[in-house]
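Each chain, letter by letter, is given below.
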Amino acid sequence: MVVTRLFLRIHSLPLATLPPKLFFPKLPLTVSLCYSTTTTTTITTTQALTQTRIHDPALSYGPSLHKGTKPQAEYQQQEQQDDIIDEQNFIRVFDLAALRVPAKDCFALESRLRGHLLNWPRIRNIARVPGDEVDPEVIDLLGRQGQGFSTEEKEEGNLVSLERRIYGKAEGDGDVLSPVLYRDKLARTFNSQGYGLLGDEFKGKTRKWKGSTRLLLLDERYAARDVEDLPEAIKVVLKEDMKESTESAFELVRCKLTLFYDYWQMNEILEGLLPKGIIVPSAFETVGHIIHLNLKEEHLPYKNLIAKVVLDKNKPKIKTVVNKIEAIHNDYRTMQLEVLAGNHSLVTTVVENGMRFHVDLTTVYWNSRLATERQRLLNGFTHHDVVCDVFSGVGPLAVSAAKIVKRVYANDLNPYAVEYLERNCVVNKVERKLEVFNMDGRRFIQALFASEKAKRITQVVMNLPNDAAEYLDAFRGIFRDRPKNGDFTFPMIHVYGFSKAQDPEFDFHERIRIALKEMAVDVKMRRVRVVAPGKWMLCASFVLPETVAFADSKLDV
Ligand SMILES: C[S@@+](CC[C@H](N)C(=O)[O-])C[C@H]1O[C@@H](n2cnc3c(N)ncnc32)[C@H](O)[C@@H]1O
């Protein structure tokens, strides 16, 4: 989540007081308003900008890096955070208009004028003007009616000090404060007492409203308009205000809204960074504090750049960005990952279905995209069920199921996965309901169903989509040596598989039929998700046929 901050600063430009009948001056007050989402952005000066205008007349409504102006000199002194991305290239200044209104009226006016306000994402329509809310200390500093200060003191002492406060300089030595300190200082220094924080050039000019004010940022279309050219709805509000007094408490002011690197969305920054024609990567997976990219060949020359932007835009939750180096080939289904940005720890904690799972992506399998599918299976389980998870990994299904069902038997061939599975049982307090095995899946099925435990097993989950169907042969003859009229449960088997066939259901059904050596199996088939172009992951659910369980042929493993 980004935290938005609006930061306003009054420029040392002449403030015209509203002539009573004219409402607004032709050359209104100018303020600049800087937007930053982090405390790392430095705001250095309010002097006139040297700007590069970005020409793109066919632009759509709203903030865009293709709009506004690009300051060249303004932020030169900023310290570059790193040399991968030049954040200065992403600063844009927008000329806007705003209504400066008494603070007490701003919320009512905001809802009334909403359709005419800026309404840009993540930017509040109401902005504060630091400096028009001053605490007693500052009032004393200035001398409320000039008392206690000589003219010289007023001009050189208190005003200099005030300037320091406004422009972010430390008391005494005149050093520029860090942005954090500066904002803190503003927040601490100014309250809602109301006091004109204006330089000499404003002396003698009277304004009706001396209390706290707010800016209502107007729609970008009104940026250069005079009062007469504003929409009727705004003029009506102004006229109403004038009825109460001959002087309006409202002012039309010109603003400069500055949006920094922190403001822009990930895709906007990437679009600006990557060469034209390269598709901006947008799909990635999150596993705890890690974002896992799956970059295409064309992205590889820019992988560090992409990772840095992804990290910047997902901080602080995300601390590491990795890329999958090659397709998963190994038995344990672990990924070859390259850390591109952030810290190098691939041990993380994922929260799924309200459970916490510890995972080490270098040694075990995890796929957050299967969360919905796991939830679907869990929804079908009841407290009467006994579940057998043949390829359980670190236990996302098995551990969650243990909260619902009577008992769970969970198995994985990968010893690291089993270690994490045991840990996750303890973390989620299900260790008494869940029994852990570290065996080959085929042997596990045979051993479990040869034991007394088999009698109560009602659900079997087989999530190893590449090969699980071929493991079904393990069920042939599992009850062969038992009396046919014995106490049995024929479990519901949920087996996962991939298919690239034209008719994926038929294709997967065939694989199941071949493994079971059974012609008529009543299978409920479900497409889970597309894993690659033209490649489906499917889930087949069926009750273990009696003919298979009592078949003569037993596996020779
Ligand atoms: C696709 S993952 C699924 C893990 C888990 N069900 C999940 O959703 O995260 C498949 C798991 O099967 C395990 N595995 C691979 N071959 C196996 C085998 N022959 N016997 C048992 N487990 C195996 C892998 O270690 C891996 O953890």
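Since the structure is predicted, the reported quantities are computational estimates derived from the model, not experimental observations.

## A look at the overall build of the protein
Each helix and strand counted, the protein has 13 helices and 21 strands in total. Within the protein, the proportion of its 557 residues that are buried is 52%. Counting every atom, the protein has about 26,800 Å² of accessible surface; 51% of that belongs to carbon and sulfur.

## Observations concerning the pairing of strand 7 (residues 213-217)
Each regular strand shows side chains that alternate between the opposite faces of the sheet. Within strand 7, five of the five residues are buried, leaving the element largely enclosed by the surrounding structure. Bridge analysis of strand 6 (residues 126-128) against strand 7 gives three bridges, and the strand direction is antiparallel. Paired with Ala127 across the strands is Leu215, a residue of strand 7.

## Re the confidence of the model for the protein
For residues with low pLDDT, the predicted coordinates do not support detailed interpretation. Put simply, the protein has an average pLDDT of 78, and 71% of its residues get 70 or more. Note on residues 1-30: pLDDT is under 50 here. Beyond four places in sequence and across chains, it has 105 contacts. Note that residues 144-157 has pLDDT below 50 and, in this model, 17 contacts with residues that lie over four places away or in other chains.

## What about the sheet that holds strand 19 (residues 492-499)?
Strands sit in the order 17-16-15-18-19-21-20 across an open sheet of seven strands; the sheet is mixed. The outermost strands of the open sheet, each flanked by one partner alone, are strand 17 (434-437) and strand 20 (524-532). For this sheet the average axis-to-axis angle between neighbouring strands, irrespective of direction, equals 15°. Of the pairings in the sheet, the one linking strand 20 to strand 21 (residues 535-543) comprises seven bridges and is antiparallel in character. For Arg526, the partnering residue across the bridge sits in strand 21 and is Cys539. Against the sheet, helix 8 (residues 371-379) contacts strand 18 (459-462), strand 19, strand 20 and strand 21, and its axis sits at roughly 160° relative to strand 19.

## Describing the pattern of salt bridges
One pass over the full model with this rule turns up 22 salt bridges. Lys256 is the partner of Asp95 in a salt bridge, and the nearest nitrogen-oxygen pair spans 2.5 Å. In this pair, Asp95 sits in strand 5 (residues 92-102) while Lys256 sits in strand 8 (residues 251-259), placing the two residues 161 residues apart along the sequence. Residue class for Lys256 comes out buried when judged on its relative accessible area of 17%. Salt bridges sharing common partners tie together Glu232, Lys235 and Lys239.

## A short note on the environment of Val129
Summarising the element assignment, Val129 is placed in the loop between strand 6 and helix 2 (136-142). Judged by its relative accessible area of 2%, Val129 falls in the buried class. In the structure, Val129 is positioned 84 residues away from Thr213 in sequence and 7.0 Å away in space, judged by C-alpha atoms.

## Topic: the site of the ligand
By nearness alone, 19 residues border the ligand, and Arg374, Phe391, Asp412, Gly441 and Tyr471 come closest of all. The separation between a nitrogen atom of the ligand and a polar main-chain atom of Leu413 is 3.1 Å. Between the ligand and Asp440, the relevant distance is 2.9 Å, taken from a nitrogen atom to a side-chain nitrogen or oxygen of the residue. Along the lines of polarity and charge, the residues of the shell around the ligand split into eight nonpolar, six polar and five charged.

## Some points on the UniProt feature "binding site: S-adenosyl-L-methionine" (unreviewed entry) in the protein
On the UniProt side, "binding site: S-adenosyl-L-methionine" (unreviewed entry) is annotated at positions that read Arg374, Asp412, Leu413, Asp440, Gly441 and Asn463 here. Mapping Asp440 onto the fold places it in the loop between strand 17 and helix 11 (441-450). Residue Asp440 is classed as partly exposed on the basis of its relative accessible area of 24%. In contact with Asp440, not counting residues within four places along its chain, are Asn411, Leu413 and Tyr471.

## Comments concerning the sheet that holds strand 11 (residues 320-326)
Strand order across the open sheet formed by four strands is 9-10-11-12, with mixed pairing between neighbours. The open sheet has two free edges, formed respectively by strand 9 (284-287) and strand 12 (336-342), since each of these has just one partner strand. When the angles between neighbouring strand axes are averaged without regard to direction, this sheet yields 30°. Each of strand 9, strand 10 (290-293), strand 11 and strand 12 is contacted by helix 7 (residues 303-314), which is oriented at about 65° to strand 12, the strand it contacts most.

## Comments concerning the packing of helix 6 (residues 266-273) against helix 7
Following both chains from N to C, one finds helix 6 and helix 7 inclined at 155°, their axes separated by 10 Å at the closest point. Comparing the axis directions of helix 6 and helix 7 gives the class roughly antiparallel. Handedness of the helix 6/helix 7 crossing: right-handed. Together, Met266, Ile269, Leu270 and Leu273 of helix 6 and Leu305, Ile306, Val309, Val310, Lys313 and Asn314 of helix 7 make up the contact between the two elements.

## A look at the side chain of Ser64
With respect to the helices, strands and loops of the structure, Ser64 is situated in the loop between strand 3 (51-53) and strand 4 (69-71). A distance of 2.9 Å separates the side chain of Ser64 from the backbone nitrogen of His66, its partner in a polar contact.

## Examining unusual backbone geometry
Residue Pro316 is reached from Lys315 by a cis peptide bond, and omega for that bond is 5°. Mapped onto the secondary structure, Pro316 falls in the loop between helix 7 and strand 11. In the Ramachandran plot, Asn353 falls in the positive-phi region, its phi being about 50° despite a non-glycine side chain. As for its placement among the helices and strands, Asn353 is situated in the loop between strand 13 (347-352) and strand 14 (355-360). In this structure Asn353 comes out as partly exposed when scored by relative accessible area, which is 32%. In this structure, Lys517 takes a positive phi of about 55° despite not being glycine.

## Overview of the pairing of strand 8
Most of strand 8 is tucked away, with nine of its nine residues classed as buried. Burial of strand 8 is two-sided: the residues Glu251, Val253, Cys255, Leu257 and Leu259 facing one way and the residues Leu252, Arg254, Lys256 and Thr258 facing the other way are all buried. In terms of strand pairing, strand 5 meets strand 8 through nine bridges, oriented antiparallel. Residue pairing across strands places Val93 opposite Thr258, the latter belonging to strand 8.

## Some words on helix 12 (residues 504-516)
At 3.6 residues per turn, the α-helix brings residues three or four places apart onto the same side. The end-to-end C-alpha distance of helix 12, which contains 13 residues, comes to 18 Å, matching closely the 18 Å that a straight helix rising 1.5 Å per residue would cover. Residues Pro504, Phe508, Arg511, Ile512, Arg513, Ala515 and Leu516 constitute the buried set of helix 12. At its buried positions, helix 12 is contacted by strand 19, strand 20, strand 21 and helix 13 (546-549). Just beyond helix 12, the residue with positive phi is Lys517, at close to 55°.

About the criteria used
- Residues numbered from 1 in each chain as written.
- Predicted model: local features only at pLDDT ≥ 70, side-chain atom pairs only at ≥ 80, totals over all residues.
- Heavy atoms only, no water.
- Helix = DSSP H or I, 4+ residues; strand = E, 2+ residues; numbered from the N terminus.
- Buried < 20%, exposed > 50% of the residue type's maximum accessible area, 1.4 Å probe, protein only.
- Areas by Shrake-Rupley, 256 points an atom, 1.4 Å probe, with all protein chains shown as cover.
- Pairing = 2+ DSSP bridges.
- pLDDT = per-residue confidence, 0-100.
- Contact = heavy atoms within 4.5 Å.
- Axes fitted to C-alpha atoms, helices over the stretch in contact; angles between N-to-C directions.
- Salt bridge = Lys/Arg side-chain N within 4 Å of Asp/Glu carboxyl O.
- Near = heavy atom within 4 Å.
- Polar contact = N/O pair within 3.5 Å; in protein donor to acceptor, adjacent residues only side chain to side chain.
- Nonpolar A, V, L, I, M, F, W, Y, C, P; charged D, E, K, R; others polar.
- UniProt positions renumbered as here; feature names shortened; annotations may be inferred.
- Parallel < 35°, antiparallel > 145°, perpendicular 65-115°, else oblique.
- Left-handed = near helix turned anticlockwise from the far one by under 90°.
- Expected span 1.5 Å × (residues − 1).

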